[in-house]
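Spelled out, the chains give:
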Amino acid sequence: MKKVNLLRLMPLLLASILIAVTVLMWPGVDSEVGLLAWVNITVMLVLILLLLRYGVRLLRDRNQEPKPGSKLRARLVIGLVGLLLVPAMVIQLVASQMVDRGMDVWFDVRVDTLLDRALSLAQGFYERLDKDMKRSLLGYISDGVLIAAVGGNMEYRATGSYLSEIREREGWLKVELFDLNERQLGGVQSGGLSSLQVEPLSSTAKLSMQLGRVATELKANVDGEVAIGYAPLVGPTAVVGLLRVEMQLPEGVIQNARSVETDFRNYRHLEHNRQAISQTFTHVMLFVTLCVLLIAGLVALLFARRLTSPIGNLADALRRVTEGDLDVEIRDAPDDELGSLVRSFNKMTSRLRHHAVAIDQGQQALTKALDSSRERQFVLESLLANLHTGVLLVDGKGRVRLLNQAVVDILHLPDNWQPSIDLLQASQGNLQDIADFYSELKHQQEEHLQREFDISLSEGKQAHVLARGARLDASSSDFSGYLLVIDDISDVTEAQRNKAWAEVAQRLAHEIKNPLTPIKLSAERLQRRFRAQVDDPRVFDVCTQAIIAQVERLQRLIADFSTLARMPQPKIRHVVVNLLLHEMSDLFCSYRRIEVRFCDENWQCQCDPDQVRQVLINLMDNALAETNELIPIRLYTTFSDKWIEWHVEDDGEGMSDEVSARLFEAYYSTKATGSGLGLAIAKRIAEDHQGDLLLLSSAMPTHFCLRLPRLVEECRGVSA
Amino acid sequence: MVCAADKATVLRIHIAKEVVHCSVELPEIDKNDIATNLKDGVEISAIWHLGVVKVRDYWLNDQLADITVSRRVKPDLLSRSWQLIEDASGISRRVYSLDQAIYFLSHLQQFAVVDRSLLAPLTLYRMHVAVVIHHGAIKERWLPDFWHSPLMSQQQDFKLP
């Protein structure tokens, strides 16, 4: 499994951290932070989504080659953001601690107690005013003058004077008298009435009348705050009226008291919102941090993109160059060190392009030359392979560089004869003549050398070869060595020898044959005419008979010479094989040890039956002559699509290898009276029929095979 | 006429001769918290949102009435009294009992919601009410107060006979 780079996991790690922060900062149901918290949450969720998307994409593409410059860009962004993130988080933590400490100081118990006492003082002031006013009002509940005034028993002026007297005595601002119908009966005010319109009674006043209790209330007006007191006027049986008084509260004290109240209220309000204030501060700091991070991230991204863009272009261009695209050119190059690098890269690719074109052209020329060379080599190899002349190419160090199949066939070279074999070491034994020829060619002054020699081949065969050598000089080519050309001229030599022998035989036959007949006739005449006159007829008979016998032998010899010299062309015709076998059976019927196996009556072949009969008779005669009377002799035929084979075999002791090697040579015979031409003539007959006479086994059994083609005409056509 | 309602219901609909009233109370209100705030001089406001819609099966409900009632209790710490203020009408009253102040905030009695002439007989209507409690003075906002979840929200269907 491929190891996942930590850098690829960084977005997911950051997303995890942000998710944890988001969960921690998620506003509660009764949270008071409001909009800012949700803005922070939204920003963090957007960041989480972006990071998750980026992280998942990085993980999905982990097996792919990253885009050029992307790693450097990611490192730069992470580095720059990290540089800001760490101090921002530290600042946020420190600030949060400071705010918490500050809150503890702000909402200290001493401040709380102080404010409580200040408020108690202010409340005490109001209570005292209230009590004083109520105590004063209680003195007027049963005031007879006032009750009389309410009852209509008093003049308005007198009522006013009495009310003024009360106002001045009590120090009130305003004193008014109402009857049960809430009708004002009189009223006085310090500095004169401010308004002719009577202010209607409040609910407190009505309640005071209904309940018959003194009541007070506070009222704020443009001049400040006033305390209003209500005193019901109680007659003998029930409430008959209401005295309403107003007292101007001292402005400075009231202001202070209200200020204390406001401060206390604000303080309590802040204290109630203490947690919300702390959360608001945290969210403000978080918002600032997120803004800083976002801005830093964007700036880092832009900066990294600006920085890594040329690097990415360079890497991409290098990749394309590596893939073989040399037409790459980076166009946008900044005016700095990277720009210099880009320009150098463009120059390098331009040079590479030129070199590649030159190499391509050279390669094409080389390919063309190589094709031409291969064509020549192919022609040469085909020529050498189809050549019947053996070719050996030896380098200056004596190692075989090239040899064709013909030289292998001619010299019967073993399998270890391969190119790079050392010629002198390999040419030991029967190939010593080749080594000698190479040594002579190597050490002589002349450029060319030609020799003929016999080489003993395997299976007792011999080949007469013509070797020609030439020295290859390095001045004309890069190769120096020797070229050996070897021809098997055994057939040519034999043909030349046969031709020479035929001419000799023809001359001998011509020169010897003519006197032999008169010699023989003369010997016979002497025998007839002078036998009776000689003293010793027996000696005479022996002598004349010897002359006649030798002359006859010479005549047969001359006849064989003639036959060899002027062998007639075979007269080909269709022959039934079985017919020839019957003739041979009839001819040798007196020999019981001869077994003739007849074949199918339908077997036919094309041959000259006289010549074939001559060959068979020769082979049978040889078998009879070389074996004793108890050894069986077999004559039979085999038949195939192409050949008809006549087999003669006996179970005699056979012949030695030396004899079998020279068996078909002319004038070679193991018989005292033989001419040595029988088998030579037989072999020539077989070859004239496009066939062959083979010695398949030299002993036990001694096995000769006359192989003739079934269709001589076709063979002639092929040979032609 | 009073619409049938179970014991848990805090919304009661009264269909009078001319108008449809409703009575609502806030059983879930934290009286101690309210009292503490008021004693500390913190102003408490109860914003009642009332509405009546005509129920439609395959379309948005047709809104017939949408009323916002703001009730405020302003403490006077010096005189130990509570100023009960109804902002819509401007009527205010001073009380010296904290329970009265809390009752003023937590109850809406016989409040006229919609004129009966706007409603058709035997048609299904739905009245809904939601209450938001504010601590402190309510300031003018340029955004609606989305993130203050209502303390109570309830609705009830009714039909005119």
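Residues numbered from 1 in each chain as written. Chains lettered and ligands numbered in written order. Predicted model: local features only at pLDDT ≥ 70, side-chain atom pairs only at ≥ 80, totals over all residues.

1. Thoughts on the sheet that holds strand β12 (residues 594-596) of chain A
Residues and elements named next belong to chain A.
Link 1 in the chain: Ordered by their spatial adjacency, five strands build an open sheet running β12-β14-β15-β17-β16, and the pairing between neighbours is mixed. The outermost strands of the open sheet, each flanked by one partner alone, are β12 and β16 (692-698). Adjacent strand axes in the sheet meet at a mean angle of 20°, parallel and antiparallel pairs treated alike.
Link 2 in the chain: Across eight bridges, the pairing between strand β15 (residues 643-650) and strand β17 (residues 702-709) is antiparallel. By the bridge assignment for β17, Glu649 is matched with His703.
Link 3 in the chain: Of the strands in this sheet, β14 (633-639), β15 and β17 touch helix α17 (residues 609-626), which is tilted by about 20° from β15. (Pairing = 2+ DSSP bridges. Helix = DSSP H or I, 4+ residues; strand = E, 2+ residues; numbered from the N terminus. Axes fitted to C-alpha atoms, helices over the stretch in contact; angles between N-to-C directions. Contact = placed C-beta atoms within 7 Å.)

2. What about the pairing of strand β6 (residues 92-95) of chain B?
Residues and elements named next belong to chain B.
Link 1 in the chain: Alignment of strand β5 (residues 81-86) against β6, held across four bridges, turns out to be antiparallel. Each bridged residue has a counterpart across the sheet, and for Ile85 the counterpart in β6 is Ser92.
Link 2 in the chain: In this antiparallel pair of consecutive strands, β5 and β6, the connection spans five residues, and Gly90 shows a positive phi of 80°.

3. As for the pairing of strand β1 (residues 174-179) of chain A
Residues and elements named next belong to chain A.
Link 1 in the chain: For β1, the buried fraction is high: five of the six residues fall into the buried class.
Link 2 in the chain: Here β1 folds back onto strand β2 (residues 184-189) in antiparallel fashion, the turn holding four residues, of which Glu182 has a positive phi close to 60°.
Link 3 in the chain: Alignment of β1 against strand β5 (residues 239-248), held across six bridges, turns out to be antiparallel. If you follow Val175 over to β5, its bridge partner there is Val245. (Buried ≥ 20, exposed ≤ 12 C-beta atoms within 10 Å, placed from the backbone.)

4. Considering the interface of chain A and chain B
Link 1 in the chain: Contact with chain A, which involves 17 residues of that partner, is made by 14 residues of chain B.
Link 2 in the chain: For the side of chain A that touches chain B, the secondary-structure elements that each account for two or more residues are α2 (35-60), α4 (109-138), β3 (215-221) and α8 (251-272) of chain A.
Link 3 in the chain: Looking at the side of chain A that touches chain B element by element, the count peaks at seven residues for α8 of chain A.
Link 4 in the chain: Class assignment for the residues of the side of chain A that touches chain B results in nine nonpolar, four polar and four charged. (Nonpolar A, V, L, I, M, F, W, Y, C, P; charged D, E, K, R; others polar.)

5. Some details on the environment of Glu246 of chain A
Residues and elements named next belong to chain A.
Link 1 in the chain: Structurally, Glu246 is set in strand β5.
Link 2 in the chain: Residues Glu246 and Gly171, spaced 75 residues apart in sequence, show a C-alpha to C-alpha distance of 9.7 Å.
Link 3 in the chain: Excluding residues that lie within four positions of it along the chain, Glu246 makes contacts with Trp172, Leu173, Lys174, Val226 and Ile228.

6. Points about the confidence of the model for chain A
Residue and element names in this part refer to chain A.
Link 1 in the chain: Here chain A averages 83 in pLDDT, while 94% of its residues score no lower than 70.
Link 2 in the chain: Taking the mean pLDDT of every element in chain A, the minimum, 45, falls on helix α20 (residues 712-719) and the maximum, 92, on β14.
Link 3 in the chain: Residue range residues 714-720 is modelled with pLDDT below 50. Its contacts to residues more than four positions away, or to other chains, number four contacts. (pLDDT = per-residue confidence, 0-100.)

7. Concerning unusual backbone geometry
Link 1 in the chain: Looking along the chain, the bond that leaves Met700 of chain A and enters Pro701 of chain A is cis, with omega of 0°.
Link 2 in the chain: Looking at where Pro701 of chain A falls in the secondary structure, it is placed in the loop between β16 and β17.
Link 3 in the chain: Phi is positive for Met700 of chain A, which is not a glycine, with a value near 45°.
Link 4 in the chain: With respect to the secondary-structure elements, Met700 of chain A resides in the loop between β16 and β17.
Link 5 in the chain: In the Ramachandran plot, Leu122 of chain B falls in the positive-phi region, its phi being about 60° despite a non-glycine side chain.
Link 6 in the chain: In this structure, Leu122 of chain B sits in the loop between β7 (107-115) and β8 (124-135).
Link 7 in the chain: Classification of Leu122 of chain B as exposed rests on a count of 7 C-beta atoms within 10 Å.

8. Brief notes about the packing of helix α3 (residues 70-106) of chain A against helix α9 (residues 274-322) of chain A
Residues and elements named next belong to chain A.
Link 1 in the chain: Between α3 and α9, the least distance of the axes is 8 Å, while the angle of their chain directions is 165°. By the angle between their axes, α3 is roughly antiparallel relative to α9. Two packed elements cross with a definite hand, and for α3 against α9 that hand is right-handed.
Link 2 in the chain: Its residues assigned to classes, the contact of α3 with α9 comprises 22 nonpolar, seven polar and four charged. (Parallel < 35°, antiparallel > 145°, perpendicular 65-115°, else oblique. Left-handed = near helix turned anticlockwise from the far one by under 90°.)

9. Observations concerning the nonpolar core
Residue and element names in this part refer to chain A.
Link 1 in the chain: Formed by 40 residues in total, the largest nonpolar core has its most connected members in Leu146, Leu177, Leu242, Leu243 and Met247.
Link 2 in the chain: Of all the elements, α4 adds the most residues to this core, at six residues.
Link 3 in the chain: Not counting residues within four places of it along the chain, the set of residues in contact with Leu146 comprises Tyr140, Leu177, Leu233 and Leu243. (Core = buried A, V, L, I, M, F, W, Y, C linked by C-beta atoms within 7 Å.)

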